[in-house]
Amino acid sequence: MPMLSVSLTTGEHLLGGITLTGRESRNEKLLPAVDWLLTEAGVARNGLDLLVVTRGPGSFTGVRVGLATIQGLSVALGIPMCAMSTHEAFAESVHGEASSVLLHGDAGRGELYVSAFMGEQEVFAPSLMNRQDVEALHGQFEAILDIDARLESVNVAALAAKRAARLCASEIPDRYAAATPIYVRLAEAEVKLQQKADERAGKS
């Protein structure tokens, strides 16, 4: 089930958060959720210091909507943006508890999106693996996080904000300044377009 989360923090302290599920357009839910949360906290949009967003892997539509919305707010309000992978946001949930973490989530087609961190360092960026290869890596990491099993019990936006408060608050490192979506694999429509292009190239 598609999920959307928004949070408002001061430093690493959570002021409020919203998690919504459903198949309706996230484009119609995101800004109203942001505005409701700000109104409840008595904070104006231009009173924010930093905007944080995850850039995948995940739902192609969800990643695009989240990035486009936060980029638009960043430009319109003149507020810096910190963007990180969804996996890195989840890695924050074991900060201070484990020195290394392997993260995985369902990618469909019998594959998993997988990444890993040693402390704050990304060991490898999100990539596709089969379950057997992922299981072979388990012994190399102190913590193993199944993202799908935690989606409904955590606010991903709050985790991303907490990590950003530690790593991006005073200056946005280059790795967090990029707002490029992390899709890992092409969307189904793009795969079909590529196949057609390959077929045409083979006939020419």
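Quick caveat, the model's predicted, so the values are computed rather than measured.

Thresholds, definitions, all that
- Residues numbered from 1 in each chain as written.
- Predicted model: local features only at pLDDT ≥ 70, side-chain atom pairs only at ≥ 80, totals over all residues.
- Heavy atoms only, no water.
- Helix = DSSP H or I, 4+ residues; strand = E, 2+ residues; numbered from the N terminus.
- Areas by Shrake-Rupley, 256 points an atom, 1.4 Å probe, with all protein chains shown as cover.
- Pairing = 2+ DSSP bridges.
- Axes fitted to C-alpha atoms, helices over the stretch in contact; angles between N-to-C directions.
- Buried < 20%, exposed > 50% of the residue type's maximum accessible area, 1.4 Å probe, protein only.
- Expected span 1.5 Å × (residues − 1).
- Phe/Tyr/Trp six-rings, centres within 6.5 Å; stacked < 30°, edge-to-face > 60°.
- Core = buried A, V, L, I, M, F, W, Y, C linked by side-chain atoms within 4.5 Å.
- Contact = heavy atoms within 4.5 Å.
- Salt bridge = Lys/Arg side-chain N within 4 Å of Asp/Glu carboxyl O.
- pLDDT = per-residue confidence, 0-100.

A word on the overall build of the protein chain
Within the protein chain, the secondary structure is distributed over 8 helices and 8 strands. Summing over all exposed atoms, the protein chain offers an accessible surface of approximately 11100 Å²; the carbon and sulfur share of this is 51%.

Some remarks on the environment of valine 101
Tracing the chain through its elements places valine 101 in strand 5 (residues 100-108). Spatially, the C-alpha atom of valine 101 lies 8.9 Å from that of glutamine 140, the residues being 39 residues apart in sequence.

What to know about the sheet that holds strand 5
The strands making up a sheet are joined through hydrogen bonds of the backbone, oriented either antiparallel or parallel. With mixed pairing, the 4 strands of this open sheet are ordered in space as 7-6-5-8. For this open sheet the edge positions go to strand 7 (121-130) and strand 8 (143-146), each flanked by a neighbour on one side alone. Taking each pair of neighbouring strands and ignoring which way they run, the sheet shows an average axis angle of 20°. Alignment of strand 6 (residues 111-118) against strand 7, held across 7 bridges, turns out to be antiparallel. Pairing of alanine 116 across the sheet is with phenylalanine 124, part of strand 7.

Things to note about unusual backbone geometry
Along the chain, glycine 56 connects to proline 57 via a cis peptide bond; the corresponding omega equals 5°. In this structure, arginine 109 takes a positive phi of about 55° despite not being glycine. Relative to the assigned elements, arginine 109 resides in the loop between strand 5 and strand 6. A relative accessible area of 53% places arginine 109 in the exposed class.

A few points about helix 2 (residues 60-77)
In an α-helix there are 3.6 residues to a turn, and that puts residues three or four apart on one side. End to end, helix 2 covers 26 Å across 18 residues, agreeing with the expected 26 Å (1.5 Å per residue, within 8%). Buried residues of helix 2: Phe60, Val63, Val65, Gly66, Leu67, Thr69, Ile70, Leu73 and Ser74, and no others. Just downstream of helix 2 lies glycine 78, where phi reads positive at about 70°.

Description of the packing of aromatic side chains
Per the counting criterion, the structure on display carries 1 aromatic pair. Plain terms: the ring middles of phenylalanine 60 and tyrosine 183 are 5.0 Å apart, the flat faces sit at 55° to each other, and that makes the pair tilted. Of this pair, phenylalanine 60 sits in helix 2 while tyrosine 183 sits in the loop between helix 7 (174-177) and helix 8 (188-203), placing them 123 residues apart in sequence.

Section: the nonpolar core
Of all hydrophobic cores here, the largest spans 21 residues; its most connected members are Val6, Leu30, Leu48, Leu51, Val53 and Ile70. For this core, the secondary-structure elements that each account for two or more residues are strand 1 (3-10), helix 1 (26-41), strand 3 (51-54), helix 2 and strand 4 (81-84). Beyond its immediate stretch of four places on either side in the chain, valine 53 contacts Gly66, Leu67, Ile70, Met81, Cys82, Ala83 and Met84. In this structure, Leu145, Ile147, Val156 and Tyr176 belong to the second largest nonpolar core, which totals 19 residues.

Description of the pattern of salt bridges
One pass over the full model with this rule turns up 7 salt bridges. The partner of glutamate 120 in a salt bridge is arginine 163, and the shortest N-O contact between them spans 3.0 Å. Of this pair, glutamate 120 sits in the loop between strand 6 and strand 7 while arginine 163 is found in helix 6 (residues 156-167), placing the two residues 43 residues apart along the sequence. Look at glutamate 120 and you get partly exposed, because its relative accessible area is 29%. A single network of salt bridges, built from pairs that share partners, joins Glu88, Glu92, Glu120, Arg163, Arg166 and Arg175.

A look at the confidence of the model for the protein chain
When pLDDT is low, close inspection of the predicted coordinates is not appropriate. The pLDDT averaged across the protein chain works out to 89; a share of 88% of its residues lies at or above 70. Within the model, pLDDT remains below 50 along residues 188-194, and this stretch shows 2 contacts once partners closer than five positions in the same chain are excluded.

Things to note about the pairing of strand 8
Every second residue of strand 8 is oriented toward a common face, the buried set being Ala143 and Leu145 and the non-buried set Ile144 and Asp146. For strand 5 and strand 8, the ladder comprises 4 bridges, and the chain directions are parallel. In the sheet register, histidine 104 faces strand 8, and the bridge partner there is aspartate 146.

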